[in-house]
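So you can see what is in the structure, the chains are spelled out below.
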Amino acid sequence: MASMRRYVRLLALITLWTVVSGYVYKCEPGTEPTVCSIWNLQYDADIVAKHPDRLPTVNYSSTVNTVQLLFERYYYTRHNQLERYDLTLHGTVLRNPPSVQIRDYRLRQVVIPANLQVGDFTDNAISVIETDPTEQYSVRYLDLSHNTLRDVANLTVLVQLQTLNLEGNRITTLEPNMFTRMDNLTHLYLGDNNFGAFDFHTLPKGLNVLWLMRNELRDLTLTSILLPRLRELNLEANLLSSLDMAALFTACPALEVVPIAYNTFAKKEAHRIVTELKRRGMSYYIGMERDGSADCDYDEFSVDDVCFSDSPMGDWSIWKGLFLLVLGVLVVCMFVLSVRWVWHQMAY
């Protein structure tokens, strides 16, 4: 009986230890020696601050330079396993990997480590990025696409960046000094945001690629702009109704690719732009060479196998406007006649 009680106490101690102590994570088999993939890592900064013994541990070899955190999301999961990527997680738990990839993990906050070189935080719910203005950062590639960012002013200190991806966020404007010190930045992706206007003066002179597709740009102000190395400018799916080609080529003399599909150019303007781009030997789409069979929607038209949205200033829109005006007049007339008829009936 005494031995049974000792066994029960030992079992209870083992169970308690597994609950209060940090879990030991191992790499997914086959992912070492340079990449370590870890499934469903749980880390809560608040809990760890109160209970340091609950800090998780990750085992991987010294040859690993990239850590991938993977999350198997079930439809019935109601809690976040990892909401904040901070310096403790990066330095103490993961032991300062140069490259980190955390995709689709419901992250809400990211503290950029000074020694991080490559960060991929795509498809999360990140609304806060934290940096230290007194720190010297090493990150040269940062992917924050498809999150919920509105303010990215804290990124100004990441002066070693070569590629910055901010696609699919909720950004409407950028700080005037956003790229002042980013002399190494060559690739900038800002598509799928909420830009109604864009200030090209803020961009670094060494930029090679700029994506602004799927925003709400109505015009481009290119006066006094010079981006001598820009070779690709993606303007697809905006609200542009015109494009000053002379100003564009003066501002960006090295341009090679200018995707312009799905803007609201009138047919005549679309033809003019495409003709000028072809004359200069430039591509106006991305991908394989077209075969002449553009599959445009019913409210779009095609110019040289590129689809454009029906311009709000086009001929069809004028007829639509006249139709709606006539329809409105008829509705008012019918309303007035019905009121008179009611009054006439009441009078008798």
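The structure displayed is predicted, hence computed values, not measured ones. (Residues numbered from 1 in each chain as written. Predicted model: local features only at pLDDT ≥ 70, side-chain atom pairs only at ≥ 80, totals over all residues. Heavy atoms only, no water.)

J.: Would you explain the sheet that holds strand β5 (residues 84-85) in this entry?
T.: Working definition: the strands of a sheet are paired by backbone hydrogen bonds and lie parallel or antiparallel to each other. Taken together, three strands build an open sheet; the order of strands is β5-β7-β9 and the sheet is parallel. Where the open sheet ends on each side, the last strands, each with one partner, are β5 and β9 (128-130). (Pairing = 2+ DSSP bridges. Helix = DSSP H or I, 4+ residues; strand = E, 2+ residues; numbered from the N terminus.)

J.: Explain the state of the cysteines to me, please; I cannot follow it from the model alone.
T.: Should the sulfur atoms of two cysteines be covalently bonded, the bond is a disulfide. For the coordinates displayed, the defined rule picks out two disulfides. The disulfide bridge from Cys-27 ends at Cys-36, spanning 2.0 Å between sulfur atoms. On the S-S bond that ties Cys-27 to Cys-36, the torsion sits near -105°, and the link is left-handed. What pairs with Cys-296 in a disulfide is Cys-307, and their sulfur atoms sit 1.9 Å apart. Every disulfide takes its handedness from the sign of the S-S torsion; for Cys-296 and Cys-307 that torsion is -95°, giving left-handed. With Cys-296 in the loop between α5 (267-279) and β15 (300-303) and Cys-307 in strand β16 (residues 306-309), this pair connects stretches of sequence that are eleven residues apart. Using a relative accessible area of 5% as the deciding quantity, one classes Cys-307 as buried. Described in terms of the sequence order of its bonded cysteines, the disulfide pattern of the chain is 1-2, 3-4. (Disulfide = S-S within 2.5 Å. Buried < 20%, exposed > 50% of the residue type's maximum accessible area, 1.4 Å probe, protein only.)

J.: For this particular structure, what's the right way to read the sheet that holds strand β6 (residues 99-102)?
T.: What the nine strands build is an open sheet, ordered β2-β4-β6-β8-β10-β11-β12-β13-β14; its pairing is parallel. Looking at which strands have only one partner, the edges of the open sheet turn out to be β2 (35-39) and β14 (232-234). Taking the axes of each pair of neighbouring strands and ignoring which way they run, one obtains an average angle of 5° across the sheet. Across five bridges, β2 lies against strand β4 (residues 66-70) in parallel orientation. When the sheet's bridge partners are listed, Ser-37 is paired in β4 with Gln-68. (Axes fitted to C-alpha atoms, helices over the stretch in contact; angles between N-to-C directions.)

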